[in-house]
Amino acid sequence: MDRIRKREPHIAVIGDLMIDHYIWGSCERISPEAPVQIVNVNRENAVLGGAGNVLNNLISLGSEVSIYSVVGYDENGKEMSKLLKRASSKKITLIHEDYRRTTKKSRIIASNQQVIRYDDESKKDITCFSEDALLKIFKLEVKSYDIIVLSDYGKGVLTENLTKKIISIAKKHNIAILVDPKGNDYSKYEGATLLTPNKKEAMLATQMGIDSKESLNVAIATLKKDLKLKYSIITLSEEGIALLDRKLKIIPTVAREVFDVTGAGDTVIASLAVALASGFEIEEACQFANKSAAVVVAKVGSATVSLNEIEEYEESLNSGKSENKIKEFEQIKAISKRLKEQNRKIIFTNGCFDILHRGHATYLQQAKELGDVLILGLNSDESIRRLKGEDRPINNLEDRAFLMGALESVDFVVPFGEDTPYELIKLIKPNILVKGADYAGKEVVGSDIADEVVLIDFIQGKSTTNIIEKISGKEIC
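Values in this document were obtained by computation on a predicted structure and should not be read as measured data.

Colleague: Can you break down the overall build of the protein chain residue by residue, with the values?
Modeller: Across its full length, the protein chain carries 16 helices and 18 strands. Here the C-alpha coordinates of the protein chain stretch approximately 90 × 60 × 45 Å along the principal axes. The burial tally for the protein chain puts 49% of its 477 residues in the buried class. Counted over contacts in the protein chain with a minimum sequence separation of 6, partners at least 24 positions apart contribute 68%. As displayed, the protein chain has an accessible area near 23,300 Å², and 48% of this comes from carbon and sulfur atoms. Mean positive and mean negative side-chain charge positions of the protein chain (66 and 70 charges, respectively) differ by 3 Å.

Colleague: Help me get a handle on the pattern of salt bridges, residues and values and all.
Modeller: The tally for this structure, following the rule as stated, stands at 24 salt bridges. Where aspartate 381 meets arginine 400, a salt bridge forms, and the shortest distance between an N and an O atom there is 2.7 Å. Of the two residues, aspartate 381 sits in helix α13 (residues 381–388) while arginine 400 sits in helix α14 (residues 397–405), which places them 19 residues apart along the sequence. Each member of the pair, aspartate 381 as well as arginine 400, is classed as buried. The partner of lysine 426 in a salt bridge is glutamate 423, with the nearest N and O atoms 3.5 Å apart. Of this pair, lysine 426 and glutamate 423 both sit in helix α15 (residues 422–428), three residues apart, which is roughly one turn of that helix.

Colleague: Hey, could you go over empty space enclosed by the protein for me, with residue numbers and the actual values?
Modeller: Under the criterion given, the structure shown has one cavity of 30 Å³ or more. Roughly 70 Å³ of volume is contained in the largest cavity. Taken together, Asp16, Leu17, Ser69, Val70, Val71, Arg100, Arg101, Thr102, Thr103, Ser122, Lys155 and Val157 form the lining of the largest cavity.

Colleague: I'd like a rundown of the sheet that holds strand β12 (residues 241–244), residues and numbers included.
Modeller: What the three strands build is an open sheet, ordered β11-β12-β13; its pairing is antiparallel. Pairing within the sheet leaves two strands with one partner each, and these edge strands are β11 (232–235) and β13 (248–251). Going across the sheet, the axis of each strand differs from the next one's by a mean of 20°, ignoring polarity. Across four bridges, β11 lies against β12 in antiparallel orientation. Each residue of the ladder has a partner; that of threonine 235, found in β12, is isoleucine 241.

Colleague: Run through the confidence of the model for the protein chain, naming residues and quoting values.
Modeller: On average, residues of the protein chain score 90 in pLDDT, and 92% of them reach the 70 mark or higher. In the model of the protein chain, helix α16 (residues 464–471) stands out as the element of lowest mean pLDDT, 68, in contrast to strand β8 (residues 147–151), which has the highest, 98.

Colleague: An account of the nonpolar core is requested, with residue identities and associated values reported.
Modeller: Grouped together as the largest cluster of nonpolar side chains are 49 residues, with contacts concentrated most on Leu58 and Leu272. Among all residues touching leucine 58, those that are not within four sequence positions of it are Ile11, Val13, Ser63, Val65, Ala270, Ala273 and Val274. Listed in part, the 40 residues of the second largest apolar core include Ala12, Ile166, Ile167 and Ala170.

Colleague: Residue-level account of the side chain of aspartate 381, with values.
Modeller: Assessed through its relative accessible area of 15%, aspartate 381 is described here as buried. Within polar-contact distance, the side chain of aspartate 381 engages the backbone nitrogen of leucine 397 at 2.9 Å. Residues in contact with aspartate 381, not counting those within four places in the same chain, are Pro393, Asn395, Asn396, Leu397 and Arg400.

Colleague: Give me helix α5 (residues 160–172): which residues, what numbers.
Modeller: Between its first and last C-alpha atoms α5 spans 18 Å; for 13 residues at 1.5 Å apiece the expected length is 18 Å, and the two agree. Inspection of α5 places Leu162, Thr163, Ile166, Ile167, Ile169 and Ala170 among the buried residues, and these make up the whole buried set. In an axial view of α5, the angular spread of the buried residues amounts to 165°, which keeps them on one side of the axis. On the buried face of α5, the contacting elements are β1 (10–15), α4 (128–141), β8 and β9 (176–180). Directly beyond the C-terminal end of α5, a positive phi value near 55° is found at asparagine 174.

Colleague: For the packing of aromatic side chains, give the residues involved together with the corresponding values.
Modeller: In the structure shown here, the tally under the stated rule is six aromatic pairs. Each ring, one from phenylalanine 138 and one from tyrosine 145, has its centre 6.4 Å from the other, and the planes form 15°; the classification is stacked. In this pair, the class of phenylalanine 138 matches that of tyrosine 145, namely buried. The rings of Tyr68, Phe138 and Tyr145 are connected pair by pair, giving a single aromatic cluster. Positioned above the aromatic ring of tyrosine 439, the side-chain terminus of lysine 442 is 5.7 Å from the ring centre.

Colleague: Describe the side chain of serine 69, naming the residues involved and giving the relevant values.
Modeller: On the secondary structure map, serine 69 appears in strand β4 (residues 64–72). At 2.6 Å, the side chain of serine 69 forms a polar contact with the backbone oxygen of glycine 15. Setting aside its immediate chain neighbours within four residues, serine 69 contacts Gly15, Asp16, Leu17, Thr93, Leu94, Ile95, Leu134 and Val157.

Colleague: Can you explain the sheet that holds strand β14 (residues 346–351)? Please cite residues and give values.
Modeller: Each strand in a sheet pairs with another by means of backbone hydrogen bonds, the pair being arranged parallel or else antiparallel. Strand order in the open sheet formed by five strands is β16-β15-β14-β17-β18, with parallel pairing between adjacent strands. Of all the strands in the sheet, just β16 (412–416) and β18 (452–456) have a single pairing partner and so form its edges. Strand-to-strand twist in this sheet, taken as the mean axis angle between neighbours without regard to direction, amounts to 25°. The sheet contact formed by β14 and strand β17 (residues 432–436) spans two bridges and is parallel.

Colleague: Quick rundown of the packing of α4 against α5? Include the residues and the values.
Modeller: Direction vectors running N to C along α4 and α5 enclose 10°, while the axes themselves pass 11 Å from each other. When the axes of α4 and α5 are compared, the pair comes out roughly parallel. Of α5, the residues touching α4 (which contributes Glu131, Leu134, Leu135, Phe138 and Lys139) are Asn161, Leu162, Lys165, Ile166 and Ile169. Here the residues of the contact of α4 with α5 are counted per class, giving six nonpolar, one polar and three charged.

Conventions we followed
Residues numbered from 1 in each chain as written. Predicted model: local features only at pLDDT ≥ 70, side-chain atom pairs only at ≥ 80, totals over all residues. Heavy atoms only, no water. Helix = DSSP H or I, 4+ residues; strand = E, 2+ residues; numbered from the N terminus. Buried < 20%, exposed > 50% of the residue type's maximum accessible area, 1.4 Å probe, protein only. Contact = heavy atoms within 4.5 Å. Areas by Shrake-Rupley, 256 points an atom, 1.4 Å probe, with all protein chains shown as cover. Lys, Arg positive; Asp, Glu negative; His and termini not counted. Charge placed at Lys NZ, Arg CZ, Asp CG, Glu CD. Salt bridge = Lys/Arg side-chain N within 4 Å of Asp/Glu carboxyl O. 1 Å grid on protein atoms, 1.4 Å probe; cavity = no way out; pocket = protein on both sides within 12 Å on 5 of 7 lines; lining within 4 Å. Points joined across faces, edges and corners; volume = space filled by probe spheres on them. Pairing = 2+ DSSP bridges. Axes fitted to C-alpha atoms, helices over the stretch in contact; angles between N-to-C directions. pLDDT = per-residue confidence, 0-100. Core = buried A, V, L, I, M, F, W, Y, C linked by side-chain atoms within 4.5 Å. Polar contact = N/O pair within 3.5 Å; in protein donor to acceptor, adjacent residues only side chain to side chain. Expected span 1.5 Å × (residues − 1). Arc of directions from axis to C-beta. Phe/Tyr/Trp six-rings, centres within 6.5 Å; stacked < 30°, edge-to-face > 60°. Lys NZ or Arg CZ within 6 Å of the ring centre and 35° of its normal. Parallel < 35°, antiparallel > 145°, perpendicular 65-115°, else oblique. Nonpolar A, V, L, I, M, F, W, Y, C, P; charged D, E, K, R; others polar.

Here you go:
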């Protein structure tokens with residue numbers, strides 16, 4: 001995620017804009033007039049859909065985005081302009097056409113279930129005058145883009161002529177162009193970097209059944225060859241993403257409860273664009289897109305995903321793996337910032353934790369109970385030698401960090417090489433700083449940074465020193 005945050009790519013989105021209109025309510029009875037549900041409306045809202053949802057996802061993922069599209073001189077067109085201005089896109093190029101109906105999809109949702117959808121739209125191709133106007137502006141700005149995304153919903157903006165010209169211009173400037181395709185004839189996308197059809201769309205375009213790995217391989221290879229793509233991709237819903245670079249690979253996803261797949265394709269192509277623009281290899285970009293989609297399908301309605309949400313999702317996948325809890329300074333800084341944005345209470349403590357024993361486990365359990373997330377600063381081997389002598393530590397840093405990460409009470413482990421964890425505490429800015437009760441009356445390092453200092457009693461007789469002396473035959477009575 002740090003690569004994306006540092007890069008902040010500039011991406012152009014060209015395609016069919018639409019308004020996703022949601023009417024929310026509850027249903028408690030059936031109409032006496034017809035066998036249909038009666039929905040009591042509680043609220044309604046409108047958000048950008050189609051290419052607008054791609055735009056929103058790109059912005060949510062930390063990109064600068066410029067949008068190009070064509071709408072009508074109608075009320076929906078006016079509403080579209082207002083929604084785009086609120087979206088914080090870098091530049092808006094909106095061509096208006098007389099007698100064109102701006103697409104608006106209205107969904108009635110009762111108890112988190114979509115009951116019906118009705119559409120108000122025009123599907124005819126935009127005029128050649130609109131094509132020329134859009135292209136004229138695009139040519140002036142194309143050099144500023146890291147990647148171009150074509151979001152084709154079959155509503156007439158991405159005509160065959162316009163699409164081919166955009167791809168030609170992008171290739172001339174060595175800019176990758178990603179396409180979310182529509183229809184059964186993909187010839188107008190020839191020369192793109194990649195397409196993102198789902199399995200059903202790929203079967204329609206290739207006129208091939210896809211019911212096995214072998215048939216998948218044939219279909220995905222056909223798309224790559226016929227359309228002269230750099231990479232060929234077919235999204236496989238809960239099974240992940242099929243990728244053909246040199247050979248076929250299935251990039252698996254992790255099952256998650258699905259509430260609504262609306263806009264999942266927009267999230268996938270936005271995630272691929274951000275990842276590739278930030279220097280990811282294609283397989284790594286597909287993995288990133290899988291995680292993004294897993295987050296967004298757990299939401300209702302056209303939704304966006306943020307880098308913070310993807311990081312949380314990764315943590316949920318890796319919560320049982322000790323090594324994934326071990327973080328470096330810059331990583332824990334970003335994590336702490338995210339946790340504070342979520343109003344999570346951060347607990348920090350530190351120590352050598354050389355030979356893990358009951359006293360340690362009890363102390364850390366009590367520390368965790370004080371808040372939401374426990375971050376443990378762990379002394380490096382060098383700092384322990386400076387503090388305790390050349391015969392310590394007994395266990396090296398790698399082993400100690402792994403064992404501390406294996407504890408359920410510990411959320412993150414951060415090794416530090418200084419004699420005190422002051423610089424680490426400055427990065428984390430914990431809500432509560434925890435130390436042992438032997439610090440009563442003493443100054444606790446970092447107490448000027450944390451909101452509160454809490455001292456916890458040790459269990460009598462449980463210490464690393466006692467264990468070492470017992471092993472060496474010098475047990476203290």
